[in-house]
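This is what each chain is made of:
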Amino acid sequence: MALGEAGATVICTGRSSRTRALRSDYDRLETIEETAELVTTLGGHGIPMVVDHLDKAQVRKLAEDIRRDHGHIDLLVNDIWGAEVLTGGPANWDTPIWEHDLDKGLRMLRLAIDTHLITSHYLLPLLIEKPGGLLVEVTDGTLDYNATHYRISVYYDLAKVAISRLAYSQGHELAAVGATAVAVSPGWLRSEMMLEGFQVTEESWQDAPGKTAPPDFALSETPRYVGRAIAALAADPGKARWNQMSVNVGQLAREYDFTDVDGSRPDSWRYIENVRETDEQADFSEYR
């Protein structure tokens with residue numbers, strides 16, 4: 001949607017389609033067609049394409065279709081995940097590897113890592129057709145934060161760290177052909193699944209902090225906030241200075257001076273590091 005705001009042509013891929021040709025691990029009502037329509041409504045051109053990014057043949061066909069219809073791509077946003085149902089809620093966290101379900105753990109890594117590798121293999125040739133291309137790997141937590149924090153389980157932890165490292169390693173290879181790779185982490189993301197979990201809607205989310213959600217959910221952000229971060233990176237002629245880096249949305253908002261849709265500038269990772277983990281007290285308004 002944020003790329004639509006910027007007037008981009010956005011190819012929206014995934015398994016969640018009105019066609020029900022494929023079924024995602026989440027099996028939710030939201031679809032790629034709905035997303036594409038929202039992109040178009042906001043001024044871009046949204047194109048839905050049903051793809052299972054674990055299926056090499058489907059991703060190869062995606063690349064062939066894009067090359068035929070568009071010639072190249074300027075931006076690849078790799079936000080494939082789909083393993084929240086395997087992660088489970090807090091009661092399942094901190095389960096040691098010898099007690100964790102092995103099949104679920106390996107599936108989590110396939111969804112998190114194999115999908116990104118397959119997608120990059122087939123789509124990056126379209127990105128490097130022209131200099132200035134951008135690859136964004138979306139993850140949870142920056143490389144610096146995750147380096148000193150255990151994240152839920154061995155499998156989840158590895159998934160989140162691996163994506164930041166993918167941006168680093170792919171950035172090493174892309175630099176030689178004039179392209180850039182950056183790992184970007186949103187903060188407290190108000191996705192449809194998150195809102196549902198906290199028993200609120202986008203219109204009533206402010207009722208959740210301290211009730212159905214932790215107090216610092218007051219610093220949550222819409223998915224469009226990270227989208228605006230990516231749009232700002234893509235439009236920056238000097239984006240190569242970010243190559244191989246791992247950053248969060250709050251950092252990019254300060255750098256590029258954009259806001260969330262309500263005009264605020266949530267900075268939940270700065271709050272986590274400055275306040276939550278130091279047991280200090282702070283006014284949430286100082287971080288929004």
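Preceding block: the structure.
Description of the structure in this document. (Residues numbered from 1 in each chain as written. Predicted model: local features only at pLDDT ≥ 70, side-chain atom pairs only at ≥ 80, totals over all residues. Heavy atoms only, no water.)

**Comments concerning the sheet that holds strand E4 (residues 134-138)**
Basically, it comes down to this: Any two strands with at least two DSSP bridges between them are considered paired. Secondary structure counts use DSSP, requiring at least four H or I residues in a row for a helix and at least two E residues in a row for a strand, with both numbered from the N terminus. Angles run from 0 to 180 degrees between N-to-C directions of axes, and those axes are lines fitted to C-alpha atoms, restricted for helices to the stretch in contact. The contact rule is simple, with two residues in contact once any of their heavy atoms fall within 4.5 Å.
Pairing is parallel across the open sheet formed by four strands, whose spatial order is E3-E4-E5-E6. The open sheet terminates on both sides in strands that have one partner only, identified here as strand E3 (75-78) and strand E6 (246-248). For this sheet the average axis-to-axis angle between neighbouring strands, irrespective of direction, equals 25°. Bridge count between E4 and strand E5 (residues 180-185): five bridges; the pairing is parallel. Directly across from valine 136, in E5, lies its bridge partner valine 182. Each of E3 and E4 is contacted by helix H5 (residues 102-127), which is oriented at about 175° to E3, the strand it contacts most. Contacting E4, E5 and E6, helix H7 (residues 154-174) runs over the sheet at an angle of about 165° to E5.

**A closer look at helix H9 (residues 223-235)**
Quick reminder of the rule: A helix is expected to reach a length of 1.5 Å times the quantity of its residues less one. For each residue, the accessible area found with a 1.4 Å probe, counting protein chains only, is set against the maximum for its type, and the residue is called buried under 20%, exposed over 50%, and partly exposed in between.
Look at H9: 19 Å from first C-alpha to last across 13 residues, which is about the 18 Å you get at 1.5 Å a residue. Among the residues making up H9, those that are buried are Arg224, Tyr225, Val226, Gly227, Ala229, Ile230, Ala231, Ala232 and Leu233.

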